[in-house]
Amino acid sequence: MEKVEHIIQENEQNERIDKVVSLINPEWSRTQVKQWVKDGALTVNGKVIKPNYKCSLNDQIEISIPEPEALDVLPEDMNLDIYYEDHDVVVVNKPRGMVVHPAPGHLTGTLVNGLMHHCKDLSGINGVLRPGIVHRIDKDTSGLLMVAKNDYAHEKLVQQLVDKSVTRKYYAIVHGIIPHDYGTIDAPIGRDTHDRQSMTVVDNGKNAVTHFRVLERFDHFSFVECELETGRTHQIRVHMKYIGFPLAGDPKYGPRKTLKIDGQALHAAVLGFVHPKTEEYMEFEAPMPKEFQQILDELRQGG
C-alpha cells in the first residue's frame, strides 16, 4: 500500500478536500478521492473526515492508496518495433494510435499487452496495469519509450527522470509562425478545473519546463523540436498552446481547422539515458512516421 502525504498551502485553504487532492496527481479523479474519504483511506490531521471537508492552512493530509485490483491483463502477440533490448531495459518505438497501458474496461490492444507477450519479465513496480512502464506518451503521439524489465532498473530509470537527466526530444508541427529560433517555456501545469479531462497552465500546478527550437517555417505552420526538462501530462501540447502555437491536429488543445492528420502532430524522436547496470549513456533516434513525413513534404511544397 502506497502512502502519500501533503500539507495544505495558502492557495489551497478553504477549498474542498476532493478538489485539492485531485490536483495533486492528474490520475486521481474527484470521484476517486471521495471514495478514499468514505473508506477512511484519506485522513486530515490523523482524523477521518467527511467528503465536503474544506481545507485549512497547514492541514496534514495522508492518503493510504490501496493496491490496484488484480485485473486479467493478457499478453498479446504484436509486431512491436523494438529498438534495443537486454536483461534490464527495452526501448520500443510506439506507433500512433496505440495506448501505452490498459485501464479498467480497456484491457487489450495496448503496448503493455504486447510487451507482456514479448518480454515475460517486466518490472512489477507499477502494478498489474502498468508493468515495466517508466514513462508514457499519449495515444496519438508516436515514438520512443524506455521500459524496465526488473525493479532495480525501474528505480534507476525513474530516478533519472526525477533528476532531469533523460534526453527526450520531440518533433512537432504547430499552428502559426514562431518568430524566435529558440525558446524556453517555464509554466506550471495542473488539472483544468473547468474540464477534468484536460491539463492547463495554473499557478498551483507542478513545475514544467519545455525547451523548443524552430527547425522550419511554412506559410501558416512551424516545424519545431521540443526537448522536455520535466515530464508532465500533455506537457508539450499544453505549453505550445499556452504560448499561442498549438499543435496541428490536436483534438483537445488545438483549433478545429487544422492539417489532415489523425491526432496531434507529435513524435518522440530521441531518447537518451544512462543504462541502469552498465552506467553507459545510450541514445536512440526513431524517424518520423510516414504520415508525419508526408505532411511535412506537402508543407514544404506549399500545400
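Heads up: the structure comes first, above all this text.
Tell me what's going on with the packing of aromatic side chains, and back it up with residues and numbers.
Two measures describe an aromatic ring pair: the distance that separates the ring centres and the angle between the ring planes. Under the definition given, this model contains four aromatic pairs. These aromatic residues form a ring-pair network of at least three members: Tyr-84, Phe-273 and Phe-284.

Quick rundown of helix α6 (residues 290-300)? Include the residues and the values.
The periodicity of an α-helix, 3.6 residues per turn, causes residues three or four positions apart to be oriented the same way. Burial in α6 covers these residues: Phe-292, Ile-295, Leu-296 and Leu-299. Buried residues of α6, seen end-on, are gathered within an arc of 100° and therefore sit on one face of the element. For α6, the secondary structure elements touched by its buried residues are β8 (167-175), β13 (221-228) and β14 (266-274). In the stretch just after α6, Gly-302 is the one whose phi turns positive, near 80°.

Summarise the side chain of His-234; cite the residues concerned and give the values.
Mapped onto the elements, His-234 comes out in the loop between β13 and α5 (235-242). In contact with His-234, not counting residues within four places along its chain, are Asp-138, Gln-197, Met-199, Lys-252 and Tyr-253.

Describe unusual backbone geometry, and please don't skip the residues or the numbers.
Although it is not a glycine, Asn-14 sits at a positive phi angle of roughly 70°. For Asn-14, a relative accessible area of 58% corresponds to the exposed category. Here Lys-120, not a glycine, exhibits a phi torsion of approximately 75°, which is positive. Summarising the element assignment, Lys-120 is placed in the loop between α3 (111-119) and β7 (142-148). Relative accessible area serves as the criterion here: at 66%, Lys-120 is assigned to the exposed category.

Hey, could you go over the nonpolar core for me, with residue numbers and the actual values?
Most often, soluble globular proteins keep nonpolar side chains buried together rather than apart. Among the nonpolar cores identified, the biggest contains 33 residues, and Leu-111, Leu-115, Ile-178, Ile-236 and Met-240 are the most heavily contacted of them. Per-element tally for this core: the top contributor is α3, with four residues. Setting aside its immediate chain neighbours within four residues, Ile-178 contacts Phe-212, Val-214, Arg-217, Ser-222, Val-224, Met-240 and Phe-245. Listed in part, the 18 residues of the second largest apolar core include Ile-24, Trp-28, Leu-42 and Ile-63.

Run through α5, naming residues and quoting values.
Of all the eight residues making up α5, six are buried; the element is thus mostly covered by neighbouring parts of the structure. Positive phi appears at Gly-244, one or two residues downstream of α5, with a value of about 95°.

Account for the sheet that holds strand β3 (residues 47-48), naming residues and giving values.
Here four strands make up an open sheet; going across it, the order is β1-β4-β2-β3 and the pairing antiparallel. In this open sheet, the two strands that pair with only one neighbour each are β1 (2-7) and β3. Against the sheet, helix α2 (residues 30-39) touches β2 (42-44), β3 and β4 (60-65), its axis set at about 75° to β2.

An account of the side chain of His-239 is requested, with residue identities and associated values reported.
If you trace the backbone, His-239 turns up in helix α5. A polar side-chain atom of His-239 sits 2.8 Å from a polar atom in the side chain of Thr-210. Discounting chain neighbours no more than four positions away, the residues touching His-239 are Ile-185, Ala-187, Ile-189, Val-201, Ala-208, Val-209 and Thr-210.

Kindly report on the pattern of salt bridges, identifying the contributing residues and their values.
Per the counting criterion, the structure on display carries 15 salt bridges. For Arg-16, the salt bridge identified is with Asp-18, shortest N-O distance 3.1 Å. A relative accessible area of 28% places Arg-16 in the partly exposed class. Here the salt bridges share partners, and the residues they tie into one network are Arg-16, Asp-18 and Lys-34.

Thresholds applied
Residue positions are counted from 1 within each chain, in the order its sequence is given. Local features in a predicted model are, by the rule used here, given only for residues with pLDDT of at least 70; side-chain atom pairs are given and counted only at 80 or more, and totals for whole chains, interfaces and linings are based on all residues. Calculation of side-chain values draws on the structure's entire complement of heavy atoms; hydrogens and water are dropped beforehand. Only Phe, Tyr and Trp rings take part, Trp by its six-membered ring, and two of them pair if their centres are within 6.5 Å. Stacked means planes under 30 degrees apart, edge-to-face means over 60, and tilted covers everything else. Any residue under 20% of the maximum accessible area for its type is buried, any over 50% is exposed, and the rest in between are partly exposed; the area is computed with a 1.4 Å probe on protein chains only. Helix and strand assignments come from DSSP, with helices taken as H or I runs of at least 4 residues and strands as E runs of at least 2, each series counted from the N terminus. Directions drawn from the helix axis to the C-beta atoms are what define this arc. Only heavy atoms matter for contacts: two residues are in contact if any of them lie within 4.5 Å across the pair. We define a nonpolar core as any set of buried Ala, Val, Leu, Ile, Met, Phe, Trp, Tyr and Cys residues linked to one another through side-chain atoms lying within 4.5 Å. If DSSP finds at least two bridges between two strands, the strands pair. To define axes, lines are fitted to C-alpha atoms, for helices over the stretch in contact only, and angles between the resulting N-to-C directions are given on a 0 to 180 degree scale. Polar contact is defined as a pair of N or O atoms within 3.5 Å, subject to the rule that within protein one atom must be able to donate a hydrogen and the other to accept it, and that residues adjacent in sequence are counted only when both atoms are side-chain atoms. Put simply, a salt bridge is a Lys or Arg side-chain nitrogen that is within 4 Å of an Asp or Glu carboxyl oxygen.

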